[in-house]
Amino acid sequence: VVLVGIGVTGGLFYVIFKELFSSSSPSKIYGDALEKCRSHPEVIGVFGEPIKGYGEATRRGRRQFVSHIEYVKDGLKHMRLKFYIEGSEPGKQGTVHVEVKENPEKGRFDVRYILVDVDSYPRRTIVIEDNR
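Per chain, residues are indexed from 1 in the order of the written sequence. Local features are withheld for residues below a pLDDT of 70 in this predicted model, meaning they are given only at 70 or higher, and side-chain atom pairs are given and counted only at 80 or more; totals for whole chains, interfaces and linings count all residues. To get the side-chain values, take all heavy atoms of the structure and skip hydrogens and water.

- An unreviewed UniProt entry lists the protein chain under the name Mitochondrial import inner membrane translocase subunit Tim21, with Chrysolophus pictus given as the organism.
- Here the protein chain is described in UniProt, under the heading Subunit (unreviewed entry), as follows: "Component of the TIM23 complex."
- UniProt annotates the protein chain under Sequence similarities (unreviewed entry) with the comment "Belongs to the TIM21 family." UniProt positions are given in the numbering used here, feature names are shortened, and annotations may be inferred rather than shown by experiment.

Concerning the overall build of the protein chain
Move 1: Of the regular secondary structure elements, the protein chain holds three helices and six strands.
Move 2: The principal-axis extent of the C-alpha atoms belonging to the protein chain is close to 60 × 40 × 25 Å.
Move 3: Exposure is judged per residue with a 1.4 Å probe applied to protein chains only, and the accessible area is read against the type maximum: over 50% gives exposed, under 20% gives buried, and values in between give partly exposed. Relative to its 132 residues, the protein chain shows a buried fraction of 30%.
Move 4: Carbon and sulfur atoms make up 55% of the accessible area of the protein chain, which totals about 8,800 Å².
Move 5: The positive count covers Lys and Arg only, the negative count covers Asp and Glu only, and His and the chain ends enter neither. One atom stands in for each charge, and that atom is NZ of Lys, CZ of Arg, CG of Asp or CD of Glu. One finds the centroid of the 21 positive side-chain charges in the protein chain at a distance of 4 Å from the centroid of its 18 negative side-chain charges. Where helices and strands are cited, they refer to DSSP runs of H or I of at least four residues and of E of at least two residues respectively, numbered from the N terminus. Residue-level accessible areas treat just the shown protein chains as cover; the underlying method is Shrake-Rupley with a 1.4 Å probe.

Thoughts on the packing of aromatic side chains
Move 1: A pair of Phe, Tyr and Trp rings is counted when the ring centres sit within 6.5 Å of each other, with Trp represented by its six-membered ring. The angle between the planes then sorts it: under 30 degrees is stacked, over 60 is edge-to-face, the rest tilted. Evaluation of the coordinates by the stated rule reveals two aromatic pairs.
Move 2: Look at Tyr-30 and Phe-83: their rings are 4.7 Å apart centre to centre, the planes differ by 85°, and that puts the pair in the edge-to-face class. Taken as a pair, Tyr-30 in helix α2 (residues 26-39) and Phe-83 in strand β3 (residues 76-86) lie far apart in primary sequence, 53 residues in all. You'll find Tyr-30 and Phe-83 in the same group, each marked buried.

Observations concerning the pairing of strand β5 (residues 108-118)
Side chains on a regular strand alternate between the two faces of the sheet.
Move 1: In short, DSSP must find at least two bridges between two strands for them to pair. Pairing of strand β4 (residues 93-103) with β5 involves 10 bridges; the strand directions are antiparallel. If you follow Asn-103 over to β5, its bridge partner there is Arg-108.
Move 2: The hairpin formed by β4 and β5 contains four residues between the paired strands, and Gly-107 there has a positive phi angle of roughly 75°.
Move 3: In this sheet, strand β6 (residues 124-130) lies alongside β5 in antiparallel orientation, the contact comprising six bridges. Each residue of the ladder has a partner; that of Ile-114, found in β6, is Glu-129.
Move 4: Linking β5 back to β6 in an antiparallel pair, the connection comprises five residues.

Quick notes on the pairing of β4
Move 1: One ladder, built from nine bridges, connects β3 with β4; its direction is antiparallel. Opposite Met-79, over in β4, you have Val-100 as the bridge partner.
Move 2: Hairpin remark: β3 followed by β4, antiparallel, with six residues in the connecting loop; positive phi at Gly-91, about 80°.

A closer look at the side chain of His-40
Move 1: The topology assignment puts His-40 in the loop between α2 and α3 (41-47).
Move 2: Any two residues having at least one pair of non-hydrogen atoms within 4.5 Å are treated as being in contact. Not counting chain neighbours up to four residues away, the residues in contact with His-40 comprise Ile-126, Val-127 and Ile-128.

Looking at the pattern of salt bridges
Move 1: Here, a salt bridge means any side-chain nitrogen of Lys or Arg that lies within 4 Å of a carboxyl oxygen of Asp or Glu. Going through the model one piece at a time under the given rule, you end up with nine salt bridges.
Move 2: Two residues, Glu-99 and Arg-112, come together in a salt bridge whose shortest N-O distance is 2.8 Å. Note that Glu-99 is positioned in strand β4 and Arg-112 in strand β5, a separation of 13 residues in sequence.
Move 3: Each of the salt bridges in this network shares a partner with another, and the network as a whole consists of Arg-80, Glu-99 and Arg-112.

See below:
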């Protein structure tokens, strides 16, 4: 019984560690993309500082879930994420679209693009990074 408990506890720690600290987890990719948005001068000019990011709203009103989808193309894993940002400018909100592609040589994901759609007038797209 003790060994089973230790095994279950070890498995839980592994899953938590992988989700929080792995370079291929949606949380890590979201954090990196949000930092790039926060440091981009055009995004700062449109939304104002500080810029905060959030995911989809749940039934309980929490907005922590970052929408993502994983797929395989040409034998390599890809992941697309969508989250939202807003700053100190009233009424200004944006949608961030991120796509990453697996790099088998480095063992991590490389950014294909990070785009910010400004959801208020005048609508436009800000290109943070584009490696397509």
